[in-house]
Amino acid sequence: MKTDSSLARLSSSLQGRLSSSVLNSLKMNTGGLSVYNLKGIEASLLALGAQNSQRDGSGPSSDLTAFLLQIADLIGQMKNQIRDQKTSSQMSLDNAVSDLSNCSLNSNTSSLSFWNTRHMECRSSESTLGALYSSCLGNLAQDDQTVYTRYQTFQALNTWPTSCAYQRSSTGLIGSSDRRRSNRNYLIEARDSFRSRLDSWTTAYNNFVNASSARNLTRADCITKLYAYRRETTRCNAIQNDLETHACGGSQSCDSYMDCYKCNHEQWLKTNTSVASSETAWLSEWQGILRIECLIAQINSTSAFNSAACNTDYSGSLSDEVRIRYVSTANVPGLVSCTSTAASGQTPGSAGFIQAYYGSMPAHTKPAACKASCCVYRDGCCYSFKYESNLACCLETANSNLANCSSQSGYGSTTGWVSGKCPTDADSAYAIVGSTQSSTR
């Protein structure tokens, strides 16, 4: 039987080797013990346990107990490091799933019916403002007529009076009372006449000035109403463009959603792979730690050292404390299709599309020129349409945003439109456009 002194020498020798190769390095290494180092500690503990089993049942010596406490302390630090790594990895994985879930798309705002309703609501508001502006123009026209009438009245009075024609009395001698009375009466008559003319002139002038002032107020009110009307028209044209863009099968919101989903889904897959790789490593380390804790317990036991009890497969003992909680593919938000196109024969810019979506435009409104990417395009000439008097007609001015638009050969300048190619009714417009549905840009 080995003596206590020989056991102490073995313990000291093993402790020295561990201190130089493992223990001291662990104290300075925040990354923890590797599986290789754990196996080295495990082998040393097996040797100590086998040597200690030859003693009586009094348990380990004080030196060995101190050494085992040091090992247990370092193992405890490693367990805390693994727990922290698991928590950090779980947070990264949860954030990846959260980021993917945040790539949301409102299915309502990606539908044509939503944008059609919103467009018509805006056009209704535009129509109201247009009616107010039109009514103001009517009032301004009345004010113009009033100013003109009062100006003519004033001009008729704004003339130099005719020359005075003094008619002396035909009776009475010079210096007689009759002659004096005649002169006095004439002066009174002239005074009253000029006073009446002055009063009429002043009244006509004031009426003209007041009418001009009232017209200026009406004009200023009309300008304010015009600006409000134009701002609403601009807003409605932007919504119309959203409608036509969705009818082409795309939109900014859809593109943003697709980019968000693609980027975050790819990041989720990468995070899954990275976390799974790290988890495999620390689970292996955790099982090694459990075996070491088992060996320490065996050495500290007063019973005979039983290394076989620590050869158990610990994979089944790994709890959620160190296992990652993964989100299955079935529970990860899937990609939502956000493309919606118009019905067949209703490509934006075509007569069919105009009739379907702009056929009931309210008064004082009209659709803007089609600017979406799929607006009807044919033979080097882009056909945009406006709805007017229940028929579609080509716009006579090329839209500068459509760089490929140009007139057909032999029909005017390279920047003009072929007025002779404009359809005269809705049916012929549909015939022209309908045969070119495959040629879109």
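Residues numbered from 1 in each chain as written. Predicted model: local features only at pLDDT ≥ 70, side-chain atom pairs only at ≥ 80, totals over all residues. Heavy atoms only, no water.

**Some points on the overall build of the protein chain**
Secondary structure summary: the protein chain contains eight helices and four strands in total. Going from the N terminus to the C terminus, the protein chain shows its helices and strands as α-α-α-α-α-α-α-β-β-β-β-α. Buried positions account for 35% of the 441 residues belonging to the protein chain. Long-range contacts, defined as pairs at least 24 residues apart, comprise 80% of the intrachain contacts of the protein chain with a sequence gap of at least 6. (Helix = DSSP H or I, 4+ residues; strand = E, 2+ residues; numbered from the N terminus. Buried < 20%, exposed > 50% of the residue type's maximum accessible area, 1.4 Å probe, protein only. Contact = heavy atoms within 4.5 Å.)

**A look at the pattern of salt bridges**
For the coordinates displayed, the defined rule picks out ten salt bridges. The shortest N-O distance in the salt bridge between Asp192 and Arg191 comes to 3.1 Å. For Asp192, a relative accessible area of 36% puts it in the partly exposed group. (Salt bridge = Lys/Arg side-chain N within 4 Å of Asp/Glu carboxyl O.)

**Comments concerning the state of the cysteines**
Taken as a whole and assessed by the stated rule, the structure comprises four disulfides. With its sulfur 2.0 Å from that of its partner, Cys136 forms a disulfide with Cys222. Between Cys136 and Cys222, the S-S dihedral sits near -105°, and the bridge is therefore left-handed. Of the two residues, Cys136 is situated in helix 4 (residues 112-157) and Cys222 in helix 5 (residues 177-247); the sequence distance between them amounts to 86 residues. Disulfide pairing places Cys294 opposite Cys310 at an S-S distance of 2.1 Å. Its S-S torsion of approximately -80° makes the covalent link between Cys294 and Cys310 left-handed. With Cys294 in helix 6 (residues 252-300) and Cys310 in the loop between helix 6 and helix 7 (351-358), this pair connects stretches of sequence that are 16 residues apart. (Disulfide = S-S within 2.5 Å.)

**Description of helix 7**
Taking burial as the measure, the eight residues of helix 7 include six buried ones, the bulk of the element. Burial in helix 7 covers these residues: Ala351, Gly352, Phe353, Ile354, Tyr357 and Tyr358.

**With respect to the confidence of the model for the protein chain**
When the pLDDT values of the protein chain are averaged, the result is 74; 66% of them are 70 or greater. This model gives residues 25-31 a pLDDT under 50, and the stretch forms eight contacts once residues within four places in sequence are excluded. (pLDDT = per-residue confidence, 0-100.)

**With respect to the nonpolar core**
One finds Leu45, Leu68, Ile71, Ile82, Ile292, Ile299 and Val322 to be the most contacted residues of the largest nonpolar core, which totals 37 residues. Those elements giving two or more residues to this core turn out to be helix 2 (35-52), helix 3 (62-101) and helix 6. (Core = buried A, V, L, I, M, F, W, Y, C linked by side-chain atoms within 4.5 Å.)

**Quick word on the side chain of Gln298**
Turning to its location among the elements, Gln298 is positioned in helix 6. Under the relative-accessibility criterion, Gln298 is labelled buried at 18%. Setting aside its immediate chain neighbours within four residues, Gln298 contacts Ala304, Phe305, Asn306, Ala309 and Cys310.

**Details of unusual backbone geometry**
A positive phi is found at His364, a non-glycine position, where the angle reads about 70°. Positionally, His364 belongs in the loop between helix 7 and strand 1 (377-378).

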